[in-house]
Structures are given as C-alpha cells and as structure tokens.
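In case you want the letters, here they are:
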Amino acid sequence: MKAISLLQPWASLVVMGLKTIETRSWATRHRGIILIHASQGKSGSIFAEEKPFKNYIPDFNALPFGAIIGSVIITGVVPVTHTGLPEDTLAQLTKEEKAFGDYSGGRFAWLLVDAVAFKEPLPARGMLNVWDYEGALPRMW
C-alpha cells in the first residue's frame, strides 16, 4: 500500500481530518488511499507550541513518531500559483487550514478526504516521496 511520511504535528493533523490539503514542492500521480507515516523528525515542535497548532496538539511529545498512524484519500493534486489556489478552493479553506500549509508559488496542493486515525500506531521506517508499505494493517482498516 502507498504511504507518505510527514513530520509531526502535520501527520496527526492529517489523520484527525483537520488538515485536508497537504502542500508539497512536488506533485504525485497517486490518487486513492495513502497511509500516513509520522516521521522521526521533531523539527515541527516549534510550530506545535503556537496557535492554531496548540488548539489541536496539546502535547507535541505525546504524538507518535516513526509509525504509520492512519490513512487518507488523495482526490487530486493542483498547482499553487503565485496568485494562490483556484478561487473556489481558496474560499473553502479555514484559517487553520491556511496556517497548516505552505501555499507559496511553485508548490502543489494535495487534496485529502476521509481521514482515518488508527487506534494504535504501527512502527515503521519512513522514506522520502510516496513509498510502498508492505507490513500488516489493522483489522478495522
């Protein structure tokens, strides 16, 4: 199954359904279900201490690291231009969603729906880009 590694707190925000757009410097052709892996990196801790992150992530150190933590469905990928996303998409973004991504020119917005947070993290080593996870998945999934 395809997977993507994200730094915390963004990985948790995605599986909580609070971050519905993942901004990247590159596009992907993958559409459909993708597993969300919370990487080992802790550089996101400085963001987690500020609003709006702090509203949803009360304790950064309690987040899972180095594990598959859930899944989401990629429904599309659109370029972010110097003028921003298409007006209809931009109008629907919450203030939090805008704070959770990098919408600068030259980037891509991955549109995400149907987030699922696993009850227990599945320890896994992450990788760059979209990668294949070959381990077992939870029964509910």
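Residues numbered from 1 in each chain as written. Predicted model: local features only at pLDDT ≥ 70, side-chain atom pairs only at ≥ 80, totals over all residues. Heavy atoms only, no water.

Undergrad: Explain the nonpolar core here, please?
TA: As a rule of thumb, soluble globular proteins bury nonpolar side chains together. Core analysis: the largest hydrophobic core is formed by 15 residues, its most contacted members being Ile36 and Ile69. Listing elements by their share of this core, those giving two or more residues are β1 (2-6), α1 (10-15), β3 (32-38), β4 (67-80) and β5 (107-123). The element contributing the most residues to this core is β4, with 5 residues. Apart from the residues within four sequence positions on either side, Ile36 is in contact with Ile4, Leu6, Ala11, Val14, Val15, Ala67, Ile68, Ile69, Gly70, Ser71 and Val72. Trp10, Leu13, Ile57 and Leu63 belong to the second-largest nonpolar core, a separate cluster that totals 9 residues. (Core = buried A, V, L, I, M, F, W, Y, C linked by side-chain atoms within 4.5 Å. Buried < 20%, exposed > 50% of the residue type's maximum accessible area, 1.4 Å probe, protein only. Helix = DSSP H or I, 4+ residues; strand = E, 2+ residues; numbered from the N terminus. Contact = heavy atoms within 4.5 Å.)

Undergrad: Help me understand the sheet that holds β1, please; the structure alone is not making it clear to me.
TA: Paired through their backbone hydrogen bonds, the strands of a sheet run either parallel or antiparallel. The sheet built from 6 strands is open, its strands ordered β2-β5-β4-β3-β1-β6 with mixed pairing. Because the sheet does not close on itself, it has two edges, and the strands there are β2 (21-24) and β6 (130-132). Strand after strand, the sheet turns through a mean of 45° between neighbouring axes, direction not considered. Bridge analysis of β4 against β5 gives 11 bridges, and the strand direction is antiparallel. The residue of β5 that forms the bridge with Val80 is Arg107. (Pairing = 2+ DSSP bridges. Axes fitted to C-alpha atoms, helices over the stretch in contact; angles between N-to-C directions.)

Undergrad: I tried to follow the packing of aromatic side chains on my own but got confused; where do I start?
TA: By the definition in use, this model includes 6 aromatic pairs. For the pair Trp10 and Phe47, a centre-to-centre distance of 5.3 Å together with 65° between the ring planes defines the contact as edge-to-face. Of this pair, Trp10 sits in helix α1 while Phe47 sits in helix α2 (residues 45-48), placing them 37 residues apart in sequence. Taking relative accessible area as the criterion, Trp10 reaches 16% and is therefore assigned buried. Residue Phe47 is classed as partly exposed on the basis of its relative accessible area, which comes to 40%. Among the aromatic residues, those joined into a ring-pair cluster are Trp10, Phe47 and Phe53. Sitting over the face of the ring of Trp110, Arg24 holds its NZ or CZ atom 5.9 Å from the ring centroid. (Phe/Tyr/Trp six-rings, centres within 6.5 Å; stacked < 30°, edge-to-face > 60°. Lys NZ or Arg CZ within 6 Å of the ring centre and 35° of its normal.)

Undergrad: Looking at this structure, I do not really get empty space enclosed by the protein. What am I missing?
TA: A probe as big as a water molecule, rolled over the atoms, marks out the empty space that is left. Tallied over the entire structure, the rule returns 1 cavity of 30 Å³ or more. In this structure, the largest cavity is lined by Ile4, Leu6, Val14, Glu22, Ile34, Ile36, Val72, Ile74, Trp110 and Leu112. Elements with a minimum of two residues in the lining of the largest cavity: β1, β3, β4 and β5. Residue classes in the lining of the largest cavity are distributed as 9 nonpolar, no polar and 1 charged. (1 Å grid on protein atoms, 1.4 Å probe; cavity = no way out; pocket = protein on both sides within 12 Å on 5 of 7 lines; lining within 4 Å. Points joined across faces, edges and corners; volume = space filled by probe spheres on them. Nonpolar A, V, L, I, M, F, W, Y, C, P; charged D, E, K, R; others polar.)

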